[in-house]
Structure formats: C-alpha cells, structure tokens
Amino acid sequence: MTKILVLYYSSYGHLATMADAVAEGARSAGATVDVRRVAETAPFEVAQAAGFRVDESHPVLDDVNQLAQYDGIIVGSPTRFGRLASQMAAFWDKAGGVWFQGQLNGKVGAAFTSTASQHGGQETTLFSILTNLLHFGMTIVGLDYGFQGQGGVDEVKGGAPYGATTIADGDGSRQPSAVELDGARYLGARVATTATKLKA
C-alpha cells in the first residue's frame, strides 16, 4: 500500500488543520497516511510571548531517516518573510545523509502553507519548500486547476498551482475556509494517486 507522510510546522494551528485535510485527501485515494510535525525550535519565552500554540494533536518526527519509508511527503510550513519557517528548514537541514544516499529520489513531494494576508508570500514560501524537495530528488505535484475552487474572486481564498494554502489574517483569527480545506484534500489525493502510479 502507498504510504504518505504529511509533515508540518504550525505556530497558531492553521497548518495543523490543513495537515488533517491533506491527510484526509490522501486516505481517500487509498493511501496509508502518517501526520507528523517538526519540533519547535524557538526559545520558550519567544514562543510564549508570540502566543504560539502548543500543538499536541500530532507527534513530532525527530528522525530524518524515517523519511525514506514513505512514497510521498507533503510538507506544510507557514511563511516567514516569504520563505519556509526556520523550524521546518532546520528539520531538512539535518537530512544530509538522506540526500547523500538518494533515499527520496523519485518519490512524490508537495507543499502547503499559510500566510497572514493574500499577498504575504504564499507562492515564494511554496517554492522554498519545493526547492528543498527537488534537491532531495522528489517528483513534485502541485495544486492543479483540476481543483477549480482556487479560481474566482467571489471570496478571499488561498490556493496556487504550486500547493494548497490558507490565509490566517494578521491576528490569526481567520481559520481555513471550506474551499481551502477542499484544496488541501485535493492535493493530498493527487499526491497519493501519483505516488501509487509511480510505485507500480
């Protein structure tokens, strides 16, 4: 059976919600899915002052060597000034041995993100994640326009050809919308379907 990892970092819970939707989509396509988060690296007092949520809904993945057991990896990170968060970057920076051994070559990768505003760096953050995955030899799947929910201007919504996204607002009060969660599910299903075909 195809095995998918949804790996994310979330400061305020938006990406944890999106991760669950991505996993739901991958499971709907017949995959076995693990949802894991990366460790918080910000000092406790900084995280507390910023109001970071302690996310205990999914276990932390500490061992980068576990990446090799998956057929597809879908990575979620909030934007930090137009790029992936340092917590997620730190995790991948420990995976040099995985890269050197080519353990992810030909496996499927995808990305999802959250920003405070519609123009807060969603696409550049997705590209920063995808750049990492490409360097690990992964085959990239985006949020293609088979998901038509990302089109139109009838409401504020995330979504890009490069991955699923949500918009949190400056104070984090906006939660992922129904359309954004549908986009996350679509992405998860596309990754699982693609990984299954490549594995065959």
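Residues numbered from 1 in each chain as written. Predicted model: local features only at pLDDT ≥ 70, side-chain atom pairs only at ≥ 80, totals over all residues. Heavy atoms only, no water.

Before going further, it helps to examine the pairing of strand S4 (residues 108-115). S4 sits mainly inside the fold: 8 of its 8 residues count as buried. Covered by surrounding structure in S4 are Val108, Ala110, Phe112 and Ser114 together with Gly109, Ala111, Thr113 and Thr115, the residues of both alternating faces. Two strands pair when backbone bridges link them, and strand S3 (residues 72-78) and S4 are joined in this way by 7 bridges, in the parallel orientation. Within S4, the residue paired with Ser77 across the bridge is Thr113. (Buried < 20%, exposed > 50% of the residue type's maximum accessible area, 1.4 Å probe, protein only. Helix = DSSP H or I, 4+ residues; strand = E, 2+ residues; numbered from the N terminus. Pairing = 2+ DSSP bridges.)

Quick look at the pairing of S3 now. Of all 7 residues in S3, 7 are buried; the element is thus mostly enclosed. Judged by which residues are buried, S3 turns out to be covered on both faces: Gly72, Ile74, Gly76 and Pro78 on one side and Ile73, Val75 and Ser77 on the other are all buried. Sheet analysis places strand S1 (residues 3-8) next to S3, joined by 5 bridges and oriented parallel. Across the sheet, Leu7 pairs through a bridge with Val75, a residue of S3.

Below, the discussion takes up the layout of surface pockets. Empty space within the largest pocket amounts to approximately 380 Å³. Lining the largest pocket are 19 residues, and of these Tyr12, Pro78, Thr79, Arg80 and Ala116 sit closest to its centre. Listed by contribution, the elements that provide at least two residues to the lining of the largest pocket are helix H1 (14-28) and S4. For the lining of the largest pocket, the residue count by class is 6 nonpolar, 9 polar and 4 charged. Space inside the second largest pocket adds up to approximately 260 Å³. (1 Å grid on protein atoms, 1.4 Å probe; cavity = no way out; pocket = protein on both sides within 12 Å on 5 of 7 lines; lining within 4 Å. Points joined across faces, edges and corners; volume = space filled by probe spheres on them. Nonpolar A, V, L, I, M, F, W, Y, C, P; charged D, E, K, R; others polar.)

So, on to H1. Here H1 spans 22 Å end to end across 15 residues, near enough to the 21 Å set by a 1.5 Å rise per residue. The set of residues buried in H1 consists of His14, Leu15, Ala16, Met18, Ala19, Ala21, Val22, Ala23, Gly25 and Ala26. Where H1 is buried, its residues contact S1, strand S2 (32-37), S3, S4, strand S6 (164-167) and helix H6 (178-199). Just past H1, the residue Gly30 takes up positive phi, approximately 95°. (Expected span 1.5 Å × (residues − 1). Contact = heavy atoms within 4.5 Å.)

Following the UniProt record, one finds the feature "binding site: NAD(+)" (unreviewed entry) at Tyr12. Relative to the helices and strands, Tyr12 resides in the loop between S1 and H1. When neighbours within four sequence positions are excluded, Tyr12 is seen to be in contact with Ala50, Gly51, Phe52 and Arg53. (UniProt positions renumbered as here; feature names shortened; annotations may be inferred.)

Here we come to the UniProt feature "binding site: FMN" (unreviewed entry) in the protein. Under the feature "binding site: FMN" (unreviewed entry), the UniProt entry names Ser10, Ser11, Tyr12, Gly13, His14, Leu15, Thr79, Arg80, Phe81 and His135. Across 126 residues of sequence, these annotated residues are also dispersed in space, with a maximum C-alpha separation of 28.7 Å. Of the residues named above, Ser10, Ser11, Tyr12, Gly13, His14, Leu15, Thr79, Arg80 and Phe81 line the largest pocket. One can find Leu15 in helix H1. For Leu15, the contacting residues outside a window of four places in its chain are Tyr8, Tyr9, Ser10, Gly76, Ser77, Pro78, Phe112, Thr113 and Ser114. Relative to the helices and strands, Arg80 is located in the loop between S3 and helix H3 (86-93).

Below, the discussion takes up empty space enclosed by the protein. Going through the model one piece at a time under the given rule, you end up with 1 cavity of 30 Å³ or more. Within this model, the largest cavity holds a volume of roughly 30 Å³. In terms of lining, the largest cavity is formed by Leu143, Phe147, Gln150, Gly158, Gly159, Ala164, Thr165, Val179, Glu180, Gly183 and Ala184. Of all the elements in the fold, those that place two or more residues in the lining of the largest cavity are S6 and H6.

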